[in-house]
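Overview (structure and organization)
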Amino acid sequence: MSDSAQAQTASNVPEYSVTELSLRLKRSIEETFGWVRVRGEISGFKRAASGHLYFSLKDADSVLDGVCWKGSAARLGIRPEDGMEVICSGKLTSYPGRSKYQMVVERMELAGLGALMALLEQRRQKLAAEGLFAQERKKPLPYLPRVIGVVTSPTGAVIRDILHRLEDRFPTHVIVWPVLVQGEGAAEQVARAIRGFNTLAGDGPVPRPDLLIVARGGGSLEDLMAFNEEAVVRAAAESAIPLISAVGHETDTTLIDFASDRRAPTPTAAAEMAVPVRLDLIGDVGSLDDRLRRAMLRLAREKRHNLDALARGLRGPREQLEMARQRFDDLSERLKTGLKVGLQVQRGRLDTQIAKLRPTLLKREVADYRRRLAEADARLLRALRQRQADAAQRLAQPAKLLESLSYRNVLARGFAVVYGADGRALKQVAGLQPGDAISIEMQDGRRAARIDGDGDAPAPVKSPRRAAPAAVPRKPVKQGELF
C-alpha cells in the first residue's frame, strides 16, 4: 500500500483520548461480564483501613486482581486468607487509573468442603501443637455457680432456650454479652466478650461470672467459621473462668470445642451442665435430713442404753458416802500413829546431834581444818613459784632468739656499719662526695670519719660467695622485753 493510501486510511480511524478509550473499555467489559464466578487461590490479601479488601486470584498460569468493598466484606461467610482456594462471584470491571481490569467480589465461598476441612485440620494441628487443647489445661465446672455469663446473639432462640432451661432447673443470675455469631467481625466480638468477662472484678458493679457459656445455633460449616478462628480459640484457652462451648447441634464440631473446658452438644444441654436440678437438690437435702434425724435418734437411744447399763453397776449415794466416811476414819487413826512415831524418830536424831556438839570434838575438828588449810596454802605457794619460773623461762627464749638475730653478731665477725650525716645506714657509695662526714660502727663502738679522695668507687671484687647484706641498725633488745 502506498504512503498516500495509508494516510487516507488513518484519517478515517476515529481518534480517542486516553480517558475516552478507558471508559469505553470499562463499559465493554462490564456489559460482557456482568456476573461471573471465578475459582482461584487468594494471594496478596490485605484489609485497608477503610474496610475494603484487596487481593489477587491466581491459578497455575494467570492472575486476576480482586476487590471487595466494605459493605460486601461484612456479608462474607468466610474470613479470606492467603493460600485459600475460593469461588468468588461478582462482576468484572476495569480500573482506568492503571489500565488494569479487576473483579468486584460480592460473594465468596470455599472451593469445596474438602478444602475447608483441610484448612480447619491444619489450624487444629497448629493449635494442638501449642498445647491449647491439652487435657491438663481443663478446669472443673463449679457445682452451683452464682453468676453465669453467656456469650451469644441476644436476638436468637439460643439465649431464650438457655434462660428457659436455667429457670426450670435452678434459677440463677445470668449476664448476657451480645455478639455477632457469624459474618464479618463475629470472631473478634466473641473473643472480646470472653476476655471481657475475665477482666471483671469480683467486687465490681457487674459481678464476675463463675461460669461462661459460648453458644450458637446450628448451621452450615461456613456459618460456624467464626468459632474456628484462632482469636476465639486462644481466648477460650486463656479464660480463667471455666467455659462451656455449645456451638451448633450435636454433630457440629468447631475448634472452640477442643479449647473449652466442657463441650455441650446443644445450648440447652449447656444449661443442664451448668446447674443441677433445684427440686432434686431439695429432695436430696430432705432425704439427708431424714437420715440425719434417724441416725441421731438411734445414737441417743444407744447412749441412753449404755448409761442405764453403767448406772446399774454403780452403788447408791448413801453407800458411797458411808464407804468414804469409813476410809476417812481409818486414815485419821493412821495419821495420829504416824505423827507419834515420826516425833520419836526425830527426837532420837536430835539427841544424837546434840551429843556431837561437845567442846572437845569441836576443838579437834577446828585443829584438823587448820592443818589442812596450812598444807593447802604451802602447795599453792609452791605451785605459784613453779609457774612463775616456767613463765620466766618461756619469756627468756624469745629474748635469746632476738639476741642471736641482732646485727651486733654480724659486727663481731669483722663487719662494720657506715652511717651518713643524717644518721641513716648507707647501703652504697653512690652519692658520697669528698669531705662528707660519716660514722663507722664496729663491734666495740662507733667512730667519726670523713670521705677522702676524688669520689670514684673502686672496682667491685668478685667473690665466690654472696656478700652479706648490710646490717640494719636496730634498737637493742633487753632480756625479758617483747617486740
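This text gives an overview of the structure that appears in the document. Just so it is clear, the structure is predicted and the values come from calculations on it, not from any experiment. Counting restarts for each chain: residues are numbered from 1 in the order of the written sequence. In view of the model being predicted, local features appear only for residues whose pLDDT reaches at least 70, and side-chain atom pairs are presented and counted only at 80 or more, with totals across whole chains, interfaces and linings using the full set of residues. The side-chain figures draw on all heavy atoms in the structure; neither hydrogens nor water molecules are used.

As for the overall build of the protein
Just so we agree on the cut-off: Per the convention used, a helix needs a DSSP run of H or I reaching at least four residues, while a strand needs a run of E reaching at least two, with both numbered from the N terminus. For every residue, the accessible area (1.4 Å probe, protein chains only) is compared with the maximum for its type, and the residue is labelled buried under 20%, exposed over 50%, or partly exposed between those bounds. Pairs of residues are marked as contacts when any of their non-hydrogen atoms sit within 4.5 Å. Note on areas: these come from Shrake-Rupley sampling with a 1.4 Å probe, and a residue is covered only by the protein chains present in the view.
Regarding its fold elements, the protein presents 13 helices and 13 strands. Here the protein, with 483 residues, has 26% of them falling under the buried criterion. In the protein, once contacts between residues fewer than 6 apart in sequence are set aside, the share between residues at least 24 apart is 61%. Surface summary for the protein: the accessible area is close to 33,800 Å², and the carbon and sulfur share equals 55%.

Structural notes on the sheet that holds strand E13 (residues 445-450)
Where we set the bar: Any two strands with at least two DSSP-identified bridges between them are counted as paired. Each axis is a line fitted through C-alpha atoms, taken for helices only over the stretch in contact, and angles between the N-to-C directions span 0 to 180 degrees.
Spatial strand order, E11-E12-E13: three strands in an open sheet with antiparallel pairing. If you trace the sheet from one side to the other, it starts and ends with strand E11 (417-419) and E13, each paired once. Neighbour-to-neighbour, the strand axes of the sheet open up by a mean angle of 25°, direction not taken into account. When strand E12 (residues 437-442) meets E13, the two strands line up antiparallel, connected through six bridges. Residue pairing in the sheet places Ile438 in a bridge with Ala449 of E13.

Re the pattern of salt bridges
Note on pairing: side chains with opposite charge can pair once their charged atoms come close. For clarity, the threshold we go by: Salt bridge criterion: a side-chain nitrogen from Lys or Arg within 4 Å of a carboxyl oxygen from Asp or Glu.
Evaluation of the coordinates by the stated rule reveals 20 salt bridges. Taking the shortest distance from any N to any O, the salt bridge between Lys100 and Asp65 comes out at 2.7 Å. Within this pair, whereas Lys100 is found in strand E5 (residues 100-110), its partner Asp65 is found in strand E3 (residues 63-68), the two being separated by 35 residues in sequence. Asp210 is the salt-bridge partner of Arg146, the closest N and O atoms lying 3.9 Å from each other. In this pair, Arg146 sits in the loop between helix H4 (113-129) and strand E6 (147-152) while Asp210 sits in the loop between helix H6 (186-199) and strand E8 (211-216), placing the two residues 64 residues apart along the sequence. For Arg146, a relative accessible area of 67% corresponds to the exposed category. On the basis of relative accessibility, which here comes to 25%, the residue Asp210 falls in the partly exposed class. What you see here is one network of salt bridges that share partners, running through Lys126, Glu130, Glu230 and Arg234.

So, a nonpolar patch on the surface
For clarity, the threshold we go by: Only residues above 30% relative accessible area that lack a salt bridge enter a patch, with like-charged residues linked at up to 9 Å and the nonpolar side chains Val, Leu, Ile, Met, Phe, Trp and Tyr linked at up to 5 Å.
On the surface, Tyr16, Leu21 and Leu25 cluster together into a nonpolar patch covering about 290 Å² of accessible area. Topologically, Leu21 is positioned in helix H2 (residues 18-32).

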